[in-house]
Amino acid sequence: MKVSAEGCKLFFTTSCLLLISGLTVHSLSHSYDDSATTECLAEPQREQYGGGIIVNPAFDHSLEGWTMVGNGAIEKRRSNEGNAFIVARNRTKPLDSFSQKVQLKKGMIYTFSVIIFPFFPHSAWLQLSKGSETVSVVFKIHGSELIRGGHVIAKHGCWTLLKGGLVANFTSPADILFESKNPTVEIWADSVSLQPFTKEEWRSHQEDSIERVRKRKVRFQVTHINETALEGATISIKQTRPHFPFGCGMNNNILTNSAYRKWFMSRFKHTTFTNQMKWYSTEKVQGQENYTIPDAMLALANDNGISVRGHTILWDDRNFQPEWVKSLSPQDLREAARKRINSVVSRYKGDLIAWDVVNENLHYNFYEQNFGENASAMYYSTAYHLDPNARMFLNEFNTIEYSGDVVANPANYIRKIREIQQFPGTKGIPLGIGLQCHFASGNPNLAYMRSGLDILGATGYPIWLTETSIDPQPNQEEYFEWILREGYSHPAVQGIIMFMGPVQAGFQKAPLADENFTNTPMGDVVDKLIREWGTGPHETMADSRGIVDISLHHGDYDVIVSHPQTHFSKTLNLSVRKEFSQQTIHVKMHA
């Protein structure tokens, strides 16, 4: 989609005139092609990268390179249009399928998904002989170890794209298999592509994406009043507020610990209260609500210009209900939940940018067990009508961080989103995709993470990494930086919140600061990225044409333009926004 900037925008400061030229630009509010990831096509598209390391990816050479693993048989078929594809038939076990052996190399990233913008590659396309089932791609190594690399809900009658991959922690041959828990269906596949990348190539792709989706080119043109170029003018740039929300979880220790407040306020403008708004914190005894702590935390946040996400209205895990809730009858539980949602949402209406409505309701079903399969959707509808301007998030774990969790995989996540959309009373609801992003120990699977973000981004809903963290391990800070860069570089991600902090605030597992508020190595990573994504302070000098070209991250800036000959300086307030492809700033300096 193309949008037109206004023909000319004028911004006045006390010392200069700022001119931004009107341009026709591509909007980065993407209109994602949902059909490429979550729907089916009548015919599959061609494989990407010529199949990568896959032999005979489009089955142009019969079944060369492919074998049957387990029980059953494989054969080549053709569609009515003449397209060739492979079929695994007469299966009796989930892993009975066609297979190809590939050689994996330690440290390489292998992906079934695209690694450069735009999204939606031609990877592995799947279909079933009947019905609709989850199909997973599995890497079998060392003869028996199974590593799942991606999932898709395949259907009969059309082709669906599977995306995913893995990061190789070993050099080893591997068999690529396709798994369906229902052995009575035939698995069909076409256009299979697996492409390896080095970490250096992957990082380069991240940086290219950041340049496109998080930054804009700005040209400063400095002249005398008579329009002649002013060579050697110095331009100093410092970001005052980033437009991308990169925040941190906050807990009640911030109310009594001034050092914690100073540490937090100097870094972050977005937060989520880790536990303080949850039901078990605000109503420990039935009928005795106490919002003193979240009220005080919200007031502190408001006083310091910090935006807050609401976490969480209800939680679908029985273990995390208030103790008194667990023994209620279904009728009393319904009334208690009604009071809870009306109480907390009405209290903070208009004060929060988002709500995690029913936490983790792919993994758990406490309310569904009591009230039926539409229980969560009902609560989303209720929350939306109570606070229609806040975005309503489905908040889950293991959707992009762990490929072995089939329950919360991206395809199932989208299916849950659609259930909420189709419930009466949710028309027009501003939904959001909340991915907790709690990474366990080990090399993070960036290929799976990116493919999941691609698939979820196709819905058009904004994605937030809501509780980002990583378990302690020898390469913790290196891995965490990769995760944060992967999130920031993806066009569909619109915010990142870390559930980490200083030791004094109780963040013992992966602290960002020690007992004395000195940075840990993890804290160094976070501060480095804040500086890098904040662009500044930065100083540069105009060329012989009086021009400085620079690429700046989206955000608000203070800019000082000066020249030793004129002994005159001007201060600009600049906003760099994604709506413009380039901003041209003409600064006229007095003699």
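Here the structure is a predicted model, which is why all the values come from computation and not from measurement. (Residues numbered from 1 in each chain as written. Predicted model: local features only at pLDDT ≥ 70, side-chain atom pairs only at ≥ 80, totals over all residues. Heavy atoms only, no water.)

A. Main features of the pattern of salt bridges. A full pass over the atoms with the stated rule returns 28 salt bridges. Residues glutamate 486 and arginine 450 are paired through a salt bridge, measuring 2.5 Å at the closest nitrogen-oxygen approach. Residue glutamate 486 is located in helix α10 (residues 476–489), and its partner arginine 450 is located in helix α9 (residues 446–457); the two are separated by 36 residues in the primary sequence. Judged by relative accessible area, glutamate 486 falls into the buried class, the value being 0%. (Salt bridge = Lys/Arg side-chain N within 4 Å of Asp/Glu carboxyl O. Helix = DSSP H or I, 4+ residues; strand = E, 2+ residues; numbered from the N terminus. Buried < 20%, exposed > 50% of the residue type's maximum accessible area, 1.4 Å probe, protein only.)

B. Inspection of the packing of α9 against α10 at higher detail. Relative to each other, α9 and α10 sit at 20°, their axes nearing to 11 Å. Overall, the two elements α9 and α10 adopt an arrangement that is roughly parallel. Seen from above, α9 lies across α10 with right-handed handedness. Mapping the contact onto sequence places Leu446, Met449, Arg450 and Leu453 in α9 and Trp482, Ile483, Glu486 and Gly487 in α10. Of the residues belonging to the contact of α9 with α10, the class tally is 5 nonpolar, 1 polar and 2 charged. (Axes fitted to C-alpha atoms, helices over the stretch in contact; angles between N-to-C directions. Parallel < 35°, antiparallel > 145°, perpendicular 65-115°, else oblique. Left-handed = near helix turned anticlockwise from the far one by under 90°. Contact = heavy atoms within 4.5 Å. Nonpolar A, V, L, I, M, F, W, Y, C, P; charged D, E, K, R; others polar.)

C. Quick look at the side chain of lysine 278. Here lysine 278 shows up in the loop between β21 (270–272) and α3 (279–282). Polar contacts involving the side chain of lysine 278 include one to the main-chain carbonyl oxygen of threonine 274, which spans 3.0 Å. Not counting chain neighbours up to four residues away, the residues in contact with lysine 278 comprise His311, Thr312, Trp315 and Arg340. (Polar contact = N/O pair within 3.5 Å; in protein donor to acceptor, adjacent residues only side chain to side chain.)

D. Representation of the nonpolar core in the model. Ranked by internal contacts, the top residues of the largest apolar core, which has 100 residues, are Phe264, Trp355, Tyr367, Met392, Leu465 and Met498. Of all the elements, helix α7 (residues 375–386) adds the most residues to this core, at 7 residues. Once you skip the residues sitting within four places of it in the chain, phenylalanine 264 turns out to touch Cys248, Gly249, Met250, Ile254, His270, Thr271 and Ile306. Among the nonpolar cores identified, the runner-up in size contains 34 residues, and Phe112, Phe170, Ala189 and Val192 belong to it. (Core = buried A, V, L, I, M, F, W, Y, C linked by side-chain atoms within 4.5 Å.)

E. Main features of the sheet that holds strand β10 (residues 124–128). Here we have 5 strands laid out as an open sheet, ordered β6-β7-β16-β10-β13, and antiparallel in their pairing. The strands lining the two open edges of the sheet, one partner per strand, are β6 (73–78) and β13 (160–162). Taken pair by pair, the neighbouring strands of this sheet meet at an average axis angle of 35°, ignoring direction. (Pairing = 2+ DSSP bridges.)

F. Layout of the sheet that holds strand β17 (residues 195–197). Strand order across the open sheet formed by 3 strands is β14-β9-β17, with antiparallel pairing between neighbours. Of all the strands in the sheet, the pair left with one neighbour each is β14 (165–167) and β17. Averaged over all adjacent pairs, the angle separating strand axes in this sheet is 15°, with direction ignored. When strand β9 (residues 109–111) meets β14, the two strands line up antiparallel, connected through 3 bridges. Residue tyrosine 110 lies in a different strand from β14, and its bridge partner there is leucine 166. Against the sheet, helix α1 (residues 199–213) touches β9 and β17, its axis set at about 90° to β17.

G. Representation of the packing of α1 against α10 within the structure. α10 packs onto α1 with a crossing angle of 40° between their chain directions and a minimal axis gap of 9 Å. If you check the angle between α1 and α10, you find them oblique. In this structure, α1 crosses over α10, and the sense of that crossing is left-handed. Along the contact surface, α1 presents Lys199, Trp202, Arg203, Gln206, Glu207, Ser209, Ile210 and Val213, while α10 presents Glu478, Glu481, Trp482, Arg485, Glu486, Tyr488 and Ser489. For the contact of α1 with α10, the class distribution of residues is 5 nonpolar, 3 polar and 7 charged.

H. Spotlight on the packing of aromatic side chains. What the rule picks out here adds up to 23 aromatic pairs. Seen in terms of ring centroids, tryptophan 66 and phenylalanine 98 are 6.2 Å apart; in terms of plane orientation they differ by 85°. Their pairing is edge-to-face. Within this pair, whereas tryptophan 66 is found in the loop between β4 (24–26) and β5 (67–69), its partner phenylalanine 98 is found in strand β8 (residues 97–104), the two being separated by 32 residues in sequence. The burial state of tryptophan 66 is the same as that of phenylalanine 98; both residues are buried. The interplanar angle of 40° and the centroid separation of 6.4 Å between the aromatic rings of tyrosine 260 and tryptophan 263 together place this pair among those described as tilted. Placement of the pair is tyrosine 260 and tryptophan 263 together in helix α2 (residues 258–265), with a separation of 3 residues, close to one helical turn. Like tryptophan 263, tyrosine 260 is buried. Feature note: the residues Phe59, Trp66, Phe98 and Phe178 constitute an aromatic cluster, connected by ring pairs. Its guanidinium or amino end placed over the ring of tyrosine 488, arginine 214 lies 5.3 Å from that ring's centre, counting from NZ or CZ. We note arginine 309 situated over the ring of phenylalanine 393; from NZ or CZ to the ring centre the distance is 4.7 Å. (Phe/Tyr/Trp six-rings, centres within 6.5 Å; stacked < 30°, edge-to-face > 60°. Lys NZ or Arg CZ within 6 Å of the ring centre and 35° of its normal.)

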